[in-house]
Amino acid sequence: MKKFSELDLIDPLQRAIEAKNYTQPTPIQAQAIPPLLEGRDVLGCAQTGTGKTAAFTLPMLQHLAGSGAKKGTSKRSIRALILSPTRELAGQIGESVKEYGRYLSMTSLVVFGGVNEKPQIRALERGVDVLVACPGRLLDLHGRGFVDLSQVEIFVLDEADRMLDMGFLPDVKRIMKALPQRRQNLLFSATMPTSVEGLARKILSDPLRIDISPEEPTVDAIDQTLMFVQRSDKAKLLCELLAARPVDSTIVFTRTKHGANRLTKKLDRAGFSAMAIHGNKSQNARRRALNQFQEGTVDVLVATDVAARGIDVETVTHVFNFDLPDDPESYVHRIGRTGRAGRKGTAIAFCDERQGDQLKAVEKVLGEELTIDEDQPYHSAELMAAAAAGRPSSSGGRKKSRGGRSRGRRSRGRRSSGRSKGSPSNGEQSPNRSQGNGRKRRRSKSGWRPKS
Ligand code: AMP
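Because the structure is predicted, anything quoted here is derived from the model rather than measured. (Residues numbered from 1 in each chain as written. Predicted model: local features only at pLDDT ≥ 70, side-chain atom pairs only at ≥ 80, totals over all residues.)

Visitor: Tell me what's going on with the overall build of the chain, and back it up with residues and numbers.
Guide: Counting its secondary structure elements, the chain contains 18 helices and 15 strands. Taking all 452 residues of the chain together, the buried fraction comes to 49%. For the chain, restricting intrachain contacts to residue pairs at least 6 apart in sequence, the fraction spanning at least 24 positions comes to 76%. (Helix = DSSP H or I, 4+ residues; strand = E, 2+ residues; numbered from the N terminus. Buried ≥ 20, exposed ≤ 12 C-beta atoms within 10 Å, placed from the backbone. Contact = placed C-beta atoms within 7 Å.)

Visitor: Can you break down the pairing of strand S10 (residues 274-277) residue by residue, with the values?
Guide: Residues Ala 274 and Ala 276 of S10 are buried on one face, and the alternating residues Met 275 and Ile 277, pointing to the opposite face, are buried as well. Looking at chain direction, S10 and strand S11 (residues 300-303) are connected through four bridges and run parallel. Opposite Ala 276, over in S11, you have Val 302 as the bridge partner. (Pairing = 2+ DSSP bridges.)

Visitor: I'd like a description of the confidence of the model for the chain, backed by residues and values.
Guide: Per-residue confidence for the chain gives a mean pLDDT of 81; residues scoring 70 or more make up 80%. In the model, residues 391-452 has pLDDT below 50 throughout and makes 109 contacts with residues more than four positions away in sequence or in other chains. (pLDDT = per-residue confidence, 0-100.)

Visitor: Account for the site of the ligand, naming residues and giving values.
Guide: Near the ligand you find 15 residues, and of these Tyr 22, Thr 48, Gly 51, Thr 53 and Ala 54 are the closest. Ranked by the residues each element gives to the shell around the ligand, the list is headed by helix H3 (residues 52-67), at three residues. Both of domain 1 (4-211) and domain 2 (219-450) provide at least three residues apiece to the shell around the ligand. (Near = placed C-beta within 6 Å. Domains from an automatic or database assignment.)

Visitor: Residues and numbers for unusual backbone geometry, please.
Guide: A negative phi angle characterises most non-glycine residues, just as the trans form characterises most peptide bonds. Look at Glu 159: it is not a glycine, yet its phi comes out positive at around 50°. With respect to the helices and strands, the residue Glu 159 is situated in the loop between strand S5 (154-157) and helix H7 (160-165).

Visitor: I'd like to hear about the pairing of strand S9 (residues 250-253), residue by residue, with values.
Guide: Burial of the side chains of S9 extends over both faces: Thr 250 and Val 252 are buried on one face and Ile 251 and Phe 253 on the other. For S9 and S11, the ladder comprises four bridges, and the chain directions are parallel. If you follow Val 252 over to S11, its bridge partner there is Val 302. As defined by bridge partners, S9 adjoins strand S12 (residues 318-321) across four bridges and the pair is classed as parallel. Considered in S12, the bridge of Val 252 is made with Phe 320.

Visitor: Lay out the environment of Met 192 with the relevant residues and their values.
Guide: By the element assignment, Met 192 lies in the loop between strand S6 (184-189) and helix H9 (194-203). Accessibility expressed as a C-beta count within 10 Å gives 17 for Met 192, which makes it partly exposed. Spatially, the C-alpha atoms of Met 192 and Asp 211 are 9.9 Å apart, while their sequence positions differ by 19 residues. Met 192 has contacts with Cys 45 and Glu 197, leaving out every residue within four places of it along the chain.

Visitor: Quick one: what's the story with helix H1 (residues 11-19), residue by residue and with numbers?
Guide: Taken together, the buried positions of H1 are occupied by Leu 13, Ala 16 and Ile 17. Down the axis of H1, the sector holding all buried residues measures 100°, keeping them to one side. Residues of H1 that are exposed and point over 90 degrees away from its buried face: Asp 11, Glu 18 and Ala 19. Close packing links the buried residues of H1 with H3 and helix H4 (87-100). Following H1 by one or two positions, Asn 21 has its phi on the positive side, about 65°. (Arc of directions from axis to C-beta.)

As structure tokens, this is what we get:
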């Protein structure tokens, strides 16, 4: 592995790296920085957590430091544009640009919606070198003449897959029309579906492709388990698991914003300090939640996928997939919020009666079956058997389980007997069907034990 000193970075950047206490470049930094310094376009397949922000920011700052402001311009012009799909990610990139550029006299600005535009407009009028932006606010400000993109030399499209998922393609196309023809282009994406490949072909010219597979930096460091649980029991299971130990930094992913709000209320009522973070929250509320989570005053962050990309908190110990994601690739992004910066992490996924298909899709992406933890108080043998038989329970299972729901019949540390007709009545025995399917199973290896 290369050292930073071998990467031909100028002294102010080397000093900024030292100030960050980075000892070695991450794989994406080692691979991307040299070609980017040469001015090549790069297509990077890498997720947040791999060090990709420094991978594109360091060479970008070096280029800007060397090229200087355009002649004939009275104020600084935007020479680098970084597009981010979410406000959180934009904010974090903006912070990184400031930190890596601390020994250079360069100005940067982050613009996104949901906050007062006046300070952004004033900063634009003073002039910025590096603009980090979310597409909506950027187009708005551009349309009203506050942003001039004609001097952009470097264009970075970050989290391209998420950008497309969020419907930003038309906005990206409009922004690209405002950019000059000659420029260096970088496109980063955690996944490379054909839609992103197509966009990459439009934006990039003879790019160098760098693949940092999502599993590389994070998944190995994450202990992943799967729990089968009826939908109606999931909140109770989560509370029990959280109560079974001192609550550390935990992120819980739900499918919908309303689901996140509902769950946050339940956690609150159960005495946990939890906050929701999703697209319906104002920017201030999202930032407040993130700050409090980072500081440790909030232990549990309940998030949707849209908010997930921007969460870069190194100390996250646990990630719960309270709902499995509809897009299986998101599973990897979600659990990648833990196991960061060399730490170990724990990821626990709940699979309920509607999510057999999602589980299959996630395991297909992972290339292996998740380890089941049966030793939890709301374990559903019925759901486990359905999954083992390769029969997604999302169709017939829903009705059946509703009818079979039996409140108040479960006991701590034991599986509910009323819920799964024909299946064993406690956690000691498992249905034969699930035994021979090659799934790894284990009991409480995740360290979650009811406190009874
Ligand atoms: P990113 O993928 O850019 O979001 O970076 C993920 C995290 O890794 C951030 O907290 C960075 O500060 C950190 N990081 C980036 N590069 C390095 C490095 N070379 N050594 C250690 N940590 C790093």
